[in-house]
2 protein chains.
Amino acid sequence: MLDNLDKFTRLKRGTAGAINIDPLQRGGILTPEAREAIVEWADGYSVCDFCTGALDEIQNPPIREFVHQALPEFLDVDEVRITHGAREGMFAAMHSLCKRGETVVADGNVHYTTLLAAELSGLKVELVPASEKPHYRVDPEGYGEAIERAKNRGEKVGMAVLTYPDGNYGNLVDAEAVSEICHREEIPLMLNGAYSVGRMPISAKRLGADVIVGSGHKSMASSGPIGVLGASEELASLIFRRSKLVPNKEIEMLGCTLRGAGVLTMMASFPAVVERTKRWDEEVEKARWFAEEMERLGMSLQGDRPHHHDLMFFNSEVLYEISQTAKKGRYFLYRELKKRKIFGIKPGLTRRFKLSTYLLPREDLETVLSAFEEIVALHPKA
Amino acid sequence: MLDNLDKFTRLKRGTAGAINIDPLQRGGILTPEAREAIVEWADGYSVCDFCTGALDEIQNPPIREFVHQALPEFLDVDEVRITHGAREGMFAAMHSLCKRGETVVADGNVHYTTLLAAELSGLKVELVPASEKPHYRVDPEGYGEAIERAKNRGEKVGMAVLTYPDGNYGNLVDAEAVSEICHREEIPLMLNGAYSVGRMPISAKRLGADVIVGSGHKSMASSGPIGVLGASEELASLIFRRSKLVPNKEIEMLGCTLRGAGVLTMMASFPAVVERTKRWDEEVEKARWFAEEMERLGMSLQGDRPHHHDLMFFNSEVLYEISQTAKKGRYFLYRELKKRKIFGIKPGLTRRFKLSTYLLPREDLETVLSAFEEIVALHPKA
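Residues numbered from 1 in each chain as written. Chains lettered and ligands numbered in written order. Predicted model: local features only at pLDDT ≥ 70, side-chain atom pairs only at ≥ 80, totals over all residues.

A. How the structure looks around the overall build of chain A. When you go through chain A residue by residue, the secondary structure sums to 15 helices and 12 strands. Oriented by its inertia axes, the alpha-carbon framework of chain A measures out at about 70 × 55 × 50 Å. Looking at chain A as a whole, 55% of its 382 residues are labelled buried. Taking the contacts inside chain A whose residues are at least 6 apart along the sequence as the reference set, 67% of them involve residues at least 24 apart. (Helix = DSSP H or I, 4+ residues; strand = E, 2+ residues; numbered from the N terminus. Buried ≥ 20, exposed ≤ 12 C-beta atoms within 10 Å, placed from the backbone. Contact = placed C-beta atoms within 7 Å.)

Pasting the structure below:
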């Protein structure tokens, strides 16, 4: 019993030296500074040596200044807390701002975790449908219609959520327009910025977001799970309210959240993250170039055109046709890419897949493009 | 704006080479294997390279085997999931097993996070009072009385919680007796094993626990935040139920929890953690010896006598008297210990403090004892 446990130790990630084009992975790669931090702060509850009662009040290390000054300025929002991730931030906001039985209106390209957060909070969800392929666009006006539909059913809409951008197509909806519609109905708008906060310049106030969540492991070069949750002063007083039973603790945070090394990796990466958001235009330009090259090979970019984000979804009839007769069937693409040390497209996908070019040097993207070109050239079509 | 951010990088923990007797820190120190793991898996969402839909189903790295075989065997419980920590596990269990408005009965030495988890779940709390100093004992029979009090008020008791041991005195209540009383009333019992799981041998079944939570950062040599949540088959089907909106995801987990390096540190430490629980008797013996020596110096051990845990609470009139005239007042003890590279007693405490001897070699404990002896000898009493 409980023997042969060595299999749980000395595990290697197995993607060392590879090019990883998984959108989930591109923005979470640690900076050298974060890598130092995680070694220094690796033990258990390391950040709590000098605890003064709450995570966000710890002065040594300077978590207080990071949470109460640096992050609010970075997100352009009144109050911020560290969470376990974007999903946990969404849950805290929904759970505190909405009453059970109310409805959340969200975009049709919504991440599944928004649905889970709503369901766990006892809320209904009304979606704003996205348009058909190839654009999958969400029209801001659709929010007005979705709110109307819910109201016509006698439901109270407690919150609207916009996934900014969504995690499938990398589409960026006009958040200001959505905000205007929601605010006209006195409904707070939450932005899910899991793929934007830490990648592109974001101002919650300018975008009209009352609440914003971000993901440290997805887009802030942090060791997961970790995220940020920002809110306007008014809503922050509700979300970050104190417990009645334990008056010095914030109840939605269950007291403290990131009581370990993750928060130190986010802090250590923060200067580099601030800098990289200033070079966002270059990332968009690179993504557009990559998409053009992919289209030359017979793939077809879905979503916004021109595209405004590094997360891109491609349809590929040519790879699908190859898979019909290829030796490994639909797994051929994964294996061919793996052979060339390229990871990140899920095993079995050929016809529809997403990828990201974020922070990859052009040489690496040339390698990826050559790989696709070779794979198409080497295989007979069905 | 957002300049001078270098203060968030290259931060040192500042306790290197020190003896840390903070109970919060003793069980969370990483093993060498976990230290390797955190470096290898540091990036963002590292464990999700080969995701098959859910964290606990990931086969590479072998999280599935760890969660579905190793941990259930270790805890002697039917089903286990990884959580962000003990508190998050308690919330998931209460939120799923109790209805809003119901009552949770808990021991009077309960950790504050149990109260937060109950409050966030919309539950009332009825405490089983602990006895007066110096023992602070919780009588299992008190559970029956607390259940009765709640029932007499017309409340439904949805769950009982026992903190095993509590985080102040390190007292271990007879869990089997508590379980018997709760089960007679058909009330499930949850054990908060934040200070036991990973330190001492624990069998949820033998202790009569229907649900059990543990803390990776407190007691399983893991990088926090991370914990475990175990449950009997019957209750697991409720706690780990699937979402209605996203049918392949577990709703209370918001899909996935520990999507980062923390889980790999828990896995890497696991063989050593299993081994160390087998040497628990030595730890108890060492704690008893240390307490005896402290009492020789005029401190007084609170809680269970004989003591059954490394977490110990001391009253110290002698240090309190010194603080009345010492140069730094009540901060003198912290400063004197710090001078001797001993950390873990909170700044300002002299009369009542807790500490832990867990996994500290006798030499280090001799150093701690000599420090106390010196400090007492060097200072005039008031």
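B. Just the domain arrangement of chain A, in detail. Residue and element names in this part refer to chain A. Its domain assignment divides chain A into domain 1 (32-276) and domain 2 (279-378). Placing a centre on the C-alpha atoms of domain 1 and another on those of domain 2 gives a separation of 30 Å. Opposite the 16 residues of domain 1 that make contact, domain 2 presents 15 residues. (Domains from an automatic or database assignment.)

C. Inspection of the interface of chain A and chain B at higher detail. With 76 residues of chain A at the contact, the number on the chain B side is 76 residues. If you list the elements that add at least two residues to the side of chain A that touches chain B, you get helix H1 (23-26), helix H2 (32-40), helix H3 (63-75), helix H4 (86-97), helix H5 (112-120), helix H9 (216-219) and helix H11 (261-278) of chain A.

D. Here's a closer look at the relation of the copies chain A and chain B. When chain A is fitted onto chain B, the two copies agree to an RMSD of 0.0 Å after a turn of 180° and an axial shift of 0.0 Å. On this basis, the relationship between the two copies can be described by a two-fold rotation axis. In this assembly the copies share their binding face: 100% of the residues contributing to the interface of chain A also contribute to that of chain B. (Least-squares fit on C-alpha atoms with pLDDT ≥ 70 in both.)

E. Molecular detail of the packing of helix H4 (residues 86-97) of chain B against helix H5 (residues 112-120) of chain B. Residue and element names in this part refer to chain B. Two elements in contact, H4 and H5, have axes separated by 9 Å at closest approach and are oriented at 35°. Judged by the sense of rotation from one axis to the other, the crossing of H4 with H5 is right-handed. Here H4 contributes Ala86, Arg87, Met90, Phe91 and Met94 to the contact with H5, which in turn contributes Thr113, Thr114, Leu116, Ala117, Ala118 and Leu120. Across the contact of H4 with H5, the residue classes tally to 8 nonpolar, 2 polar and 1 charged. (Axes fitted to C-alpha atoms, helices over the stretch in contact; angles between N-to-C directions. Left-handed = near helix turned anticlockwise from the far one by under 90°. Nonpolar A, V, L, I, M, F, W, Y, C, P; charged D, E, K, R; others polar.)

F. Seen up close, helix H6 (residues 141-152) of chain B. Residues and elements named next belong to chain B. For H6, which comprises 12 residues, the first-to-last C-alpha distance of 17 Å matches the rise-based estimate of 16 Å (1.5 Å per residue) to within 8%. Residues Gly142, Tyr143, Ala146, Ile147 and Ala150 constitute the buried set of H6. One side of H6 holds all its buried residues, which, seen down the axis, span an arc of 140°. Turned more than 90 degrees away from the buried face of H6, the exposed residues are Glu141 and Asn152. Two residues or fewer past H6, Gly154 is found with a positive phi of approximately 85°. (Expected span 1.5 Å × (residues − 1). Arc of directions from axis to C-beta.)

G. Region of the structure containing the packing of H2(A) against H11(A). Residues and elements named next belong to chain A. Packing of H2 against H11 leaves a shortest axis separation of 8 Å and a crossing angle of 160°. One finds that H2 runs roughly antiparallel with respect to H11. Here H2 runs over H11; the crossing is right-handed. Side by side, H2 and H11 meet where Glu33, Ala34, Glu36, Ala37 and Ile38 of the first sit next to Ala261, Leu264, Thr265, Ala268, Ser269 and Ala272 of the second. (Parallel < 35°, antiparallel > 145°, perpendicular 65-115°, else oblique.)

H. Quick peek at the sheet that holds strand E6 (residues 189-192) of chain A. Residue and element names in this part refer to chain A. The sheet built from 7 strands is open, its strands ordered E2-E8-E7-E6-E5-E3-E4 with mixed pairing. A single partner strand is all that each edge strand has here, and the edge strands are strand E2 (79-83) and strand E4 (124-128). Taking each pair of neighbouring strands and ignoring which way they run, the sheet shows an average axis angle of 20°. Lying over the sheet, helix H6 (residues 141-152) contacts strand E3 (103-107), E4 and strand E5 (157-163), oriented at roughly 145° with respect to E4. (Pairing = 2+ DSSP bridges.)

I. Layout of the environment of Phe50(A). Residues and elements named next belong to chain A. Residue position: Phe50 is located in the loop between H2 and H3. In sequence terms Phe50 and Pro61 are 11 residues apart; their C-alpha atoms lie 8.1 Å from each other. With residues up to four places along the chain from it excluded, the contact list for Phe50 reads Ile58 and Asn60.

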